[in-house]
Amino acid sequence: MSLEDAKRQIDHAFTREDLKGPSFENVFAGAPSFLRRKYTKDLAGVDIAVTGLPFDQAVTNRPGTRLGPRAIREASLLQPCDAPYGWGYDVLSEFAIADYGDMAFDYAMPSEVPAKIAQHVGGILDAGAACVVLGGDHSVTHGCLRAHAEKHGPLSVIQFDAHTDTWADDDATRVDHGTFMYKAAKEGVVVPERSVQIGIRTDNPDTLGFNILDARQVHRDGPERIAERVHEIVGAQPCYITFDIDALDPAFAPGTGTPVWGGLSSHQAAVILRHLAGIDMKGGDVVEVSPPFDTTGATAVAAAHVGMELLCLWGWTRRAR
Ligand SMILES: [Mn+2]
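So, a few notes on the structure that sits alongside this text. Residue indices follow the written sequence of each chain, beginning from 1 at its first position. With the structure being a predicted model, the display of local features is reserved for residues of pLDDT at least 70 and the display and counting of side-chain atom pairs for 80 or more, all residues being used for whole-chain, interface and lining totals. Side-chain measures here rest on the full set of heavy atoms in the structure, leaving out hydrogens and waters.

### Re the overall build of the protein
What counts here: Secondary structure counts use DSSP, requiring at least four H or I residues in a row for a helix and at least two E residues in a row for a strand, with both numbered from the N terminus. Radius of gyration: over C-alpha atoms. The globule rule applied is 2.2 Å multiplied by the number of residues raised to the 0.38 power. Under the scheme applied here, a residue whose accessible area is under 20% of the maximum for its type counts as buried, over 50% as exposed, and between as partly exposed, the area being computed with a 1.4 Å probe on protein chains only. The criterion used for residue contact is that any of the two residues' heavy atoms lie within 4.5 Å. For accessible areas, the Shrake-Rupley method is used with a probe of radius 1.4 Å. Any residue's cover is judged against the shown protein chains and nothing else. We count Lys and Arg on the positive side and Asp and Glu on the negative side, and we leave His and both chain ends out. Here the site of a charge means atom NZ of a Lys, CZ of an Arg, CG of an Asp or CD of a Glu.
Helix and strand counts for the protein come out as eleven helices and nine strands. Whereas a compact globule of 321 residues would reach a radius of gyration of roughly 20 Å, the protein reaches 18 Å, a difference of no more than 12%. Along the first, second and third principal axes, the C-alpha set of the protein runs to 60 × 45 × 40 Å. Split into buried and exposed, the 321 residues of the protein put 58% on the buried side. Considering only contacts within the protein whose residues lie at least 6 apart along the sequence, 74% involve residues at least 24 apart. If you sum the accessible surface of the protein, you get close to 12800 Å²; carbon and sulfur atoms cover 53% of it. Of note, the protein has its 29 positive side-chain charges centred 3 Å away from the centre of its 43 negative side-chain charges.

### Here we look at helix 5 (residues 113-126)
We count it as follows: How far a helix is expected to stretch is found by multiplying one less than its residue total by 1.5 Å.
Compared with the 20 Å implied by 1.5 Å per residue over 14 residues, the 19 Å span of helix 5 between its first and last C-alpha is a close match. All of the buried residues along helix 5 are Val113, Pro114, Ile117, Ala118, His120, Val121, Gly122, Ile124 and Leu125. Against the buried residues of helix 5 lie strand 2 (48-53), strand 3 (97-102), strand 4 (130-135) and helix 6 (140-152).

### Some remarks on the environment of Asp106
As a reminder, the rule being used: As used in this structure description, the phrase polar contact means that two N or O atoms lie within 3.5 Å; if the pair is within protein, one of them must be able to donate a hydrogen and the other to accept it, and residues adjacent in sequence are counted only when both atoms belong to side chains.
Secondary-structure assignment places Asp106 in the loop between strand 3 and helix 5. Along the chain, Asp106 and Ile124 lie 18 residues apart, while their C-alpha atoms are 20 Å from each other. At 2.9 Å, the side chain of Asp106 forms a polar contact with the backbone nitrogen of Ala108.

### Side note on the pairing of strand 2
What counts here: A pair of strands is treated as paired once DSSP finds two or more bridges between them.
Of all the six residues making up strand 2, six are buried; the element is thus mostly covered by neighbouring parts of the structure. Side chains of strand 2 alternate between two faces, with Ile48, Val50 and Gly52 and Ala49, Thr51 and Leu53 buried alike. In this sheet, strand 3 lies alongside strand 2 in parallel orientation, the contact comprising five bridges. Paired with Ala49 across the bridge in strand 3 is Ala98. Bridge count for strand 2 against strand 4 is six bridges, and the pairing is parallel. Bridged to Ile48 within strand 4 is Ala130.

### Structural notes on the sheet that holds strand 1 (residues 38-39)
In plain terms, the rule: Note on method: axes are straight lines fitted to C-alpha atoms, helices fitted across the in-contact stretch only, with angles between N-to-C directions ranging 0 to 180 degrees.
Taking strand neighbours across the sheet as the criterion, the nine strands line up as 1-3-2-4-9-8-5-6-7 in an open arrangement whose pairing is parallel. On the outer flanks of this sheet lie strand 1 and strand 7 (211-213), each paired with one strand and no other. Its contacts with the sheet place helix 3 (residues 68-76) against strand 1, strand 2, strand 3, strand 4 and strand 9 (280-287), and it is angled at close to 110° to strand 4.

### Focus: the coordination of the manganese ion
Quick reminder of the rule: In this listing, donors mean N, O and S atoms no farther than 2.8 Å from the metal, or 3.2 Å for Na, K and Ca; water is missing from the atoms, so a site can look incomplete.
Within the protein, the atoms that donate to the manganese ion are His138 (ND1), Asp161 (OD), Asp165 (OD) and Asp244 (OD), at distances of 2.2 to 2.3 Å. Mapping the donors of the manganese ion onto the primary sequence yields the spacing H-x22-D-x3-D-x78-D. Remark: Asp244 occurs in strand 8 (residues 238-244) and Asp161 occurs in the loop between strand 5 (156-160) and helix 7 (180-187); sequence separation between them is 83 residues. Under the relative-accessibility criterion, Asp161 is labelled buried at 0%. A relative accessible area of 2% places Asp244 in the buried class.

Next comes the structure, spelled out in structure tokens:
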């Protein structure tokens, strides 16, 4: 398809014939798939499937992240006409990326959701695609970690967050966005000593052995040095990146359930992510965007950029091989 033909087409989410390539559809029009990728359940030939997990019943404070995937998709429409800044390659043109849509589940059965997520994400991985998730509250990461550990073994996790999410919780029927990392560590799907939590600025005396690079360290040492530390901790281990948007300061991401001051700037997060290039990232997510509290849309824009960076990180390592 010529560039001119592409520009005349609309609704690329459904009409695009090639899974690869940029999109020049009017940003303000048409059906909003993530980055205008094809919206499909057919994973044949797909390198990365992006899927939404619109679940928010595990929050301790303000809800609304069930509306996150839709808002992040819409905010992503600003990006797919140019190669992503600073990478030197266009992940959208080199890899087949599809929008797999959202997971179906019964909203009235929250205790079933983590297992459903593991099944949903596991199905994507079994089809031979990698998976990038749009949340949803942070509890959705638990099922994602289980699915990835099932395929790749125990994982290093790189967690951007204001909170460690390792508060003790030994009740298997509870679903809680503040305790899922405790459960994931106890289950053995993550390896705390080869994992790192970045941007933390709430107190939790029991670290469970996770490495913590708190927000003050990011401000003191700068994002390049923080990325170096992450490489030292994670090494060549298979890893999963989970980005809670509340890692960013409320000035940059107000639309989230549990905002905490003193956080990362979007610049610091962008530099850290770019400097993680080379890690063996198997999958990732961006979570905790709550559109009802996102009065300017800035939070969804930040999350859409994080989503793009996750695709770039995955592609970088496959490209190098
Ligand atoms: Mn979190």
